[in-house]
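Overview (structure and organization)
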Amino acid sequence: MTMTRWEMTDYGRANLRLARVPRPEPRAGEVLVKVAAVALNYRDKLVIDNGLGTHLPFPFTPGSDLAGTVVATGAGATRFAVGERVISVFFPGWIDGSYAGSAANPPGAALGGNYPGVLAEYVAMPEDWFVAAPHSLDPVAASTLTCAGLTAWFALVEQGRLKAGASVLVQGTGGVALFGLQIAKAHGATVFVTSGDAAKRERAAALGADHAIARDGWVETVHRLTADRGVDHILDIVGGAHLARSLEAVAVQGRIALIGVIDGVELAGAARHLMLKNAVVQGIRVGHRRALDDLVRAIDANAIQPVIDRRYAFDALPAALDHLDRGAFGKIVVTLD
């Protein structure tokens, strides 16, 4: 029995191809999942373009965020029964607490990077690499939780201990940002969204943003709207030298969750803002499996519906990646059903 999957034969999108390969069979402790949807991330674009610092074994299948259905189980696999709907875990093996690693060799083994990815009709993987999908979401929406949803949840709730009445600022209107908006509103926070696109600001306001503000001069606007207090939590999606602006906007004893590297991997900012405000800058590396389980429960309890910009057919992955380049309002998802 065979199946179709996307493979890279080398770095670069010109080396992406659809291949017909044998369908995998689940080994001991594994489950076979029929993939229904795969959500794309900016990271996937980087992995395809240059490996993102990882030496990939070619042919290599990219992608990390799937939703699907268990169709077979290997010997000893008991977490899921045939017919159960599941979503993937971004960092296999990180169940809870701290992740193994060292200062010299920090951890970072994820699906679609150090491990083969999920842009395939079927995947056979250890049962611990999945959690039960939310009851309230279809597979397309559920697939967006694995990376973007969990990143926002981990920054604001797991690490940030977000409380009602706090203020949250998210940069842009991509997947992590809009999850941050929805999660923050569900916790009773006041939410600021920055965007250089007026139409996207209007859409963010319709989703519940209290203040949808222009990207130009956003720090000064935040100071004005908060009577110079600043904001308690910032999801910094841009990184690089842009961190300096987040340090200007954050409140005294506020938190900046460093998530993105769009502006570069070398950070810059005024030490006086960090020290005088007693602010916390924390790197966020998605999150562990237990937090993903918590997010799934919160999604069901609060009826949160992830924002899907567009769905693409499985064979239209190149067009979906082009859309990712242009920027999306929410998530882009490749569907297999």
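Here the residue numbers are simple positions, counted from 1 along each chain's written sequence. This being a predicted model, a pLDDT of at least 70 is required before a residue's local features are given, and a value of 80 or more before pairs of side-chain atoms are given or counted; all residues contribute to the totals for chains, interfaces and linings. Note: side-chain values were computed over all heavy atoms of the structure, leaving out hydrogens and water.

Looking at the nonpolar core
Buried Ala, Val, Leu, Ile, Met, Phe, Trp, Tyr and Cys residues form a nonpolar core when they are joined through side-chain atoms within 4.5 Å. To sort residues, take the accessible area from a 1.4 Å probe on protein chains only and compare it with the maximum for the residue type: under 20% means buried, over 50% means exposed, and anything in between is partly exposed. Ile87 and Leu145 are the most contacted members of the largest nonpolar core, which has 52 residues in total. A run of DSSP states H or I qualifies as a helix once it reaches four residues; a run of E qualifies as a strand once it reaches two. Both are numbered from the N-terminal end. Of all the secondary-structure elements, those providing two or more residues to this core are α2 (139-142), α3 (145-158), β8 (167-171), α4 (175-186), β9 (190-195) and α9 (289-302). Ranked by residue count, the leading element in this core is α3, at 10 residues. Here, residues are in contact when the closest pair of their heavy atoms is within 4.5 Å. If sequence neighbours within four positions are ignored, Ile87 has contacts with Leu66, Ala67, Trp129, Phe130, Val131, Ala133, Ala142, Leu145, Thr146, Leu292 and Val296.

Side note on the pattern of salt bridges
By definition, a salt bridge exists where a carboxyl oxygen of Asp or Glu is found within 4 Å of a side-chain nitrogen of Lys or Arg. Throughout the structure, instances matching the rule amount to 21 salt bridges. Its salt-bridge partner being Arg27, residue Glu30 comes within 3.2 Å of it at the nearest N-O pair. Owing to a relative accessible area of 59%, Arg27 belongs among the exposed residues under this scheme. Salt-bridge contacts for Asp138 lead to Arg311; the nearest nitrogen and oxygen are separated by 3.5 Å. One end of the pair, Asp138, is in the loop between β7 (130-132) and α2; the other, Arg311, is in strand β14 (residues 308-313), with 173 residues separating them in the sequence. One connected set of salt bridges, linked through shared partners, spans Arg13, Lys45, Asp49, Asp322 and Asp325.

Topic: the sheet that holds β9
By definition, two strands form a pair when at least two bridges between them are found by DSSP. Strand order in the open sheet made by the 6 strands is β10-β9-β8-β11-β12-β13, with parallel pairing throughout. Looking at the sheet topology across the chains shown, the edges are occupied by β10 (211-214) and β13 (280-283). Sheet twist, expressed as the mean angle between neighbouring strand axes with direction ignored, is 20 degrees. In this structure, β8 lies alongside β9, joined through 5 bridges in parallel fashion. To get an axis, a line is fitted to the C-alpha atoms, and for a helix only the part in contact is used. The angle between two axes follows their N-to-C directions and goes from 0 to 180 degrees.

A few points about the side chain of Arg201
Its location among the elements puts Arg201 in helix α5 (residues 198-206). Think of it this way: Lys and Arg go in the positive column, Asp and Glu in the negative one, and His and the chain ends go nowhere. Asp197 provides the closest opposite charge to the buried, unpaired Arg201, separated from it by 6.5 Å. Discounting chain neighbours no more than four positions away, the residues touching Arg201 are Ser195, Gly196, Ala212, Ile213 and Ala214.

Looking at empty space enclosed by the protein
Cavities and pockets are found on a 1 Å grid laid over the protein atoms alone: a cavity is a set of points where a 1.4 Å probe fits but cannot escape, a pocket is an open set with protein on both sides within 12 Å along at least five of seven lines, and a lining residue has an atom within 4 Å of such a point. Grid points are joined across faces, edges and corners, and a volume is the space filled by probe spheres set on the points. According to the stated counting rule, one finds 2 cavities of 30 Å³ or more in the structure shown. Roughly 50 Å³ of volume is contained in the largest cavity. In terms of lining, the largest cavity is formed by Ala155, Leu156, His233, Ile234, Leu235, Arg255, Ile256, Ala257 and Gln282. Those elements that provide at least two residues to the lining of the largest cavity are α3, β11 (231-236) and β12 (250-258). Under the convention adopted here, Pro, Cys and the residues Ala, Val, Leu, Ile, Met, Phe, Trp and Tyr are nonpolar, Asp, Glu, Lys and Arg are charged, and Gly plus all remaining residues are polar. Split into classes, the residues belonging to the lining of the largest cavity amount to 6 nonpolar, 2 polar and 1 charged.

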